[in-house]
Amino acid sequence: MLTKRIIPCLDIKNGRTVKGVSFGNLQDAGDPVELAAAYSKNGADELTLLDITATLEGRSTFLQVVEDVAAAVSIPFTVGGGISNEQQVETLLARGADKVSVNTSAVLDPGLITRLSDAFGNQCVVVAIDARYHENEWEVVSHAGTKFTGISAVEWAKICYELGAGEILLTSFTADGTREGFSLDITKDVCDAVSIPVIASGGAGNPQHFLDVFTQANADAALAAGIFHYGLVSIAEVKAFLKEHGVPVR
Amino acid sequence: MSQTIKIISYKSGNIASVKNAFARLGVVVETAATPEEVSGADKIIFPGVGHARPAMENLASSGLAEAIKSFPRPVLGICLGMQLMASLSEEGRTPGLGFFSERIVRFQHDLKIPHMGWNDVYNIRGPLFKGIPEGSFFYFVHSYYMPTSNEAIALCNYHTPFSAAAASSNYFGVQFHPEKSGDAGATLLQNFIDL
């Protein structure tokens, strides 16, 4: 039986993993290659590496991280952050990434989804959708959550699917960082709207939250960063809890 | 035992991951982009991602298709590579290399496609699965599949049972990605090295 996936996310800046304590206040969380290998060993089903560097110098450091992670781990990993063209994707795949995620660049240029899907296959095109609850609707936000786009998150998910996305990574900016649970309503609506896998993200605080997002919202995978980095709960604990409650996990 | 394992390099293959996985097992895999480079290998890995038709056209025009057909030693097709070893793929109505008798078909539309993630395999048999427990998990990403047949050496379920791996004479195919399947995948690749 196909299992539900647990995906830790590593934010990478200048070749190091960082974690946010509060907005703009980043703390060093260690060597990404070591962390990736540790997560892989401890039951992570996939990894996501997010490049949060803005400088060119940082970008080339990030490519080295991608290459080193690819050499070290034997599970799939997705790479995201600032990807806006085919050339970048070709480079990342050649360095050993399995999938790429596009976010703001897809909002600005939806055709990018189709071009990437045609060139590399939809299995490696993840569209990351950041959504925020705003005036009684879940709206897509871009530019790292700073800009409201006026687009409905569910409608945008459908468009991404039709344009050739292979997977949707849905992050609730409303829940992100709260540790009060995933946003189940919007996750369920997006899962119902598309027939490609959906990864839920934002709000994970304990194993019950993962159970809820799998059983109530029907997500295919769940992504978390903080709770795993801080060691509040381990992937093994989450999986044991899910298994106990009848959710198929590896 | 010194042997040369080569991976076929063409537009539809993601070779970095496979090379990395063999490197973790201490084996340097060389790339083969021409029929001559293929024929000189002891074993061949035949990867593939994306759409069947452009992949097959590319293999045919480069002469690689003929080189694989006449290769007498072990060949391991991965993902689309396995599918292209079948007689025909429904994807773009693409004729395959014909090593396996089954036709490749698409998963039903009421399912989430691609079938993406870790799934368990059963009814495993043969040297490729030596030391791998029944029910082990492998990582799959695909929208088309090979139905079950007597060529299957492992089965998997995604709504319907399908061939997770198949073998016929010197040709082996795996629908999953052993290079991305943790310890079980590494064992399978080691078994291929040991064939």
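Use the structure listed above.
Presented here is an overview of the structure given in this document. (Residues numbered from 1 in each chain as written. Chains lettered and ligands numbered in written order. Predicted model: local features only at pLDDT ≥ 70, side-chain atom pairs only at ≥ 80, totals over all residues. Heavy atoms only, no water.)

**Looking at the overall build of chain A**
The criterion, for reference: Helix numbering and strand numbering both begin at the N terminus, where a helix is a DSSP run of H or I of at least 4 residues and a strand a DSSP run of E of at least 2. Atoms counted for the radius of gyration: C-alpha only. Globule rule: 2.2 Å times residue count to the power 0.38. A simple rule labels every residue: compare its accessible area, found with a 1.4 Å probe on the protein chains alone, to the largest value its type can have, and call it buried under 20%, exposed over 50%, or partly exposed in between. Residue contacts are defined here by distance: any two heavy atoms, one from each residue, within 4.5 Å place the two residues in contact.
Summing up its helical and strand segments, chain A has 10 helices and 12 strands in all. Taking 2.2 N^0.38 as the reference for a compact globule, 250 residues should give roughly 18 Å; the C-alpha atoms of chain A span a radius of gyration of 17 Å, in line with that estimate. Referenced to the eigenvectors of the C-alpha coordinate spread, the extents of chain A come out at roughly 45 × 40 × 40 Å. Taken over 250 residues, chain A has a buried fraction of 55%. Counting only contacts in chain A whose residues sit at least 6 apart along the sequence, the fraction spanning at least 24 positions is 64%.

**A look at the overall build of chain B**
To be explicit about the condition: When charges are counted, Lys and Arg are positive and Asp and Glu negative, with His and the chain ends excluded. The location of each charge is read from NZ of Lys, CZ of Arg, CG of Asp or CD of Glu.
In terms of regular secondary structure, chain B is built from six helices and 13 strands. Computed over C-alpha atoms, the radius of gyration of chain B comes to 15 Å, within 12% of the 16 Å expected from 2.2 N^0.38 for 195 residues, which places it in the range of a compact globule. Viewed in the frame of its principal axes, chain B has a C-alpha envelope of about 45 × 35 × 30 Å. Sorting the 195 residues of chain B into buried and exposed places 58% on the buried side. Side-chain charges of chain B comprise 15 positive and 16 negative groups, with the mean position of each set lying 2 Å from the other.

**Observations concerning the interface of chain A and chain B**
Rules: Put simply, buried area is the surface a 1.4 Å probe can reach on two separate parts but cannot reach once they are joined, added for both. By definition, a salt bridge exists where a carboxyl oxygen of Asp or Glu is found within 4 Å of a side-chain nitrogen of Lys or Arg.
Taken together, the 36 residues of chain A in the interface contact 25 residues of chain B. Taken together, both faces of the contact between chain A and chain B bury some 2300 Å²; the carbon and sulfur share is 52%. Contact with chain B buries area across many residues of chain A, yet A:Leu2, A:Ser74 and A:Gln123 alone supply 26% of it, more than any other trio. At the boundary of chain A with chain B, the tally comes to two salt bridges.

**A few points about helix 1 (residues 15-24) of chain B**
Residue and element names in this part refer to chain B. The buried fraction of helix 1 is high, at seven of 10 residues. If you check which residues of helix 1 are buried, you get Ile15, Ala16, Ser17, Val18, Asn20, Ala21 and Phe22. Of the residues trailing helix 1, Gly26 is marked for its positive phi of about 85°.

**What about the sheet that holds strand 7 (residues 100-106) of chain B?**
Backbone-to-backbone hydrogen bonds pair the strands of a sheet. The strands run either parallel or antiparallel. Residues and elements named next belong to chain B. Stated precisely, the cut-off is as follows: What makes two strands pair is DSSP finding at least two bridges between them.
Within the open sheet, the four strands sit side by side as 6-5-7-10. Their pairing is mixed. Each having just a single partner strand, strand 6 (94-95) and strand 10 (144-145) make up the two edges of the open sheet. The sheet contact formed by strand 5 (residues 86-89) and strand 7 spans three bridges and is parallel. Following the sheet pairing, Ala86 is matched in strand 7 by Phe100.

**Let's talk about the sheet that holds strand 9 (residues 137-142) of chain B**
Residues and elements named next belong to chain B. Worth spelling out the cut-off: For helices, the axis comes from a line fit to the C-alpha atoms of the stretch in contact; other axes are also lines fit to C-alpha atoms, and the angle between any two N-to-C directions lies between 0 and 180 degrees.
Spatially, 2-1-3-4-13-12-11-8-9 is the arrangement adopted by the nine strands of the open sheet, whose pairing is mixed. At either end of the open sheet lies a strand with only one pairing partner, and these are strand 2 (30-32) and strand 9. Mean inter-strand twist for the sheet, computed between neighbouring axes without regard to direction, equals 30°. Pairing between strand 3 (residues 43-46) and strand 4 (residues 75-78): three bridges, direction parallel. What sits directly across from Ile45, in strand 4, is Leu76.

**Points about the packing of helix 6 (residues 153-163) of chain A against helix 7 (residues 184-193) of chain A**
All names here are of chain A. Condition: Every angle not falling under 35 degrees, over 145, or within 65 to 115 is termed oblique; those three ranges are roughly parallel, roughly antiparallel and roughly perpendicular. The hand of a helix crossing depends on one turn: near helix anticlockwise from the far one by less than a right angle means left-handed, and clockwise means right-handed. Lys, Arg, Asp and Glu make up the charged group, whereas Ala, Val, Leu, Ile, Met, Phe, Trp, Tyr, Cys and Pro make up the nonpolar group; the residues left over, Gly among them, are polar.
At their nearest, the axes of helix 6 and helix 7 sit 9 Å apart, and the two run at 30° to each other. What the angle tells us is that helix 6 and helix 7 run roughly parallel. The chirality of how helix 6 crosses helix 7 is right-handed. Each of Ala153, Val154, Ala157 and Lys158 in helix 6 lies in contact with helix 7, whose residues at this interface are Ile186, Asp189, Val190 and Ala193. Among the residues forming the contact of helix 6 with helix 7, the class breakdown is six nonpolar, no polar and two charged.

**Topic: the packing of aromatic side chains**
Stated precisely, the cut-off is as follows: For this analysis, a ring pair means two rings from Phe, Tyr or Trp (six-membered ring only for Trp) whose centres lie within 6.5 Å, classed as stacked if their planes differ by under 30 degrees, edge-to-face if by over 60, and tilted for the remaining angles. Our definition puts a charge over a ring when NZ of Lys or CZ of Arg is within 6 Å of the ring centre and also within 35 degrees of the ring normal.
Across all of its chains, the model carries 16 aromatic pairs over all chains by this definition. When the centroid spacing of 5.5 Å and the interplanar angle of 75° are considered together, the rings of A:Phe182 and A:Phe210 count as edge-to-face. Residue A:Phe182 is found in the loop between strand 10 (167-172) and helix 7, and its partner A:Phe210 is found in helix 8 (residues 207-215); the two are separated by 28 residues along the sequence. A centroid spacing of 3.6 Å and a plane angle of 10° characterise the contact between B:Phe99 and B:Tyr171, whose relative ring orientation is stacked. You can see B:Phe99 sitting in the loop between strand 6 and strand 7 and its partner B:Tyr171 sitting in strand 13 (residues 171-174), a full 72 residues away along the chain. For B:Tyr171, a relative accessible area of 6% corresponds to the buried category. The lysine or arginine in question, A:Arg250, covers the ring of B:Trp118, its NZ or CZ lying 3.6 Å from the ring centre.

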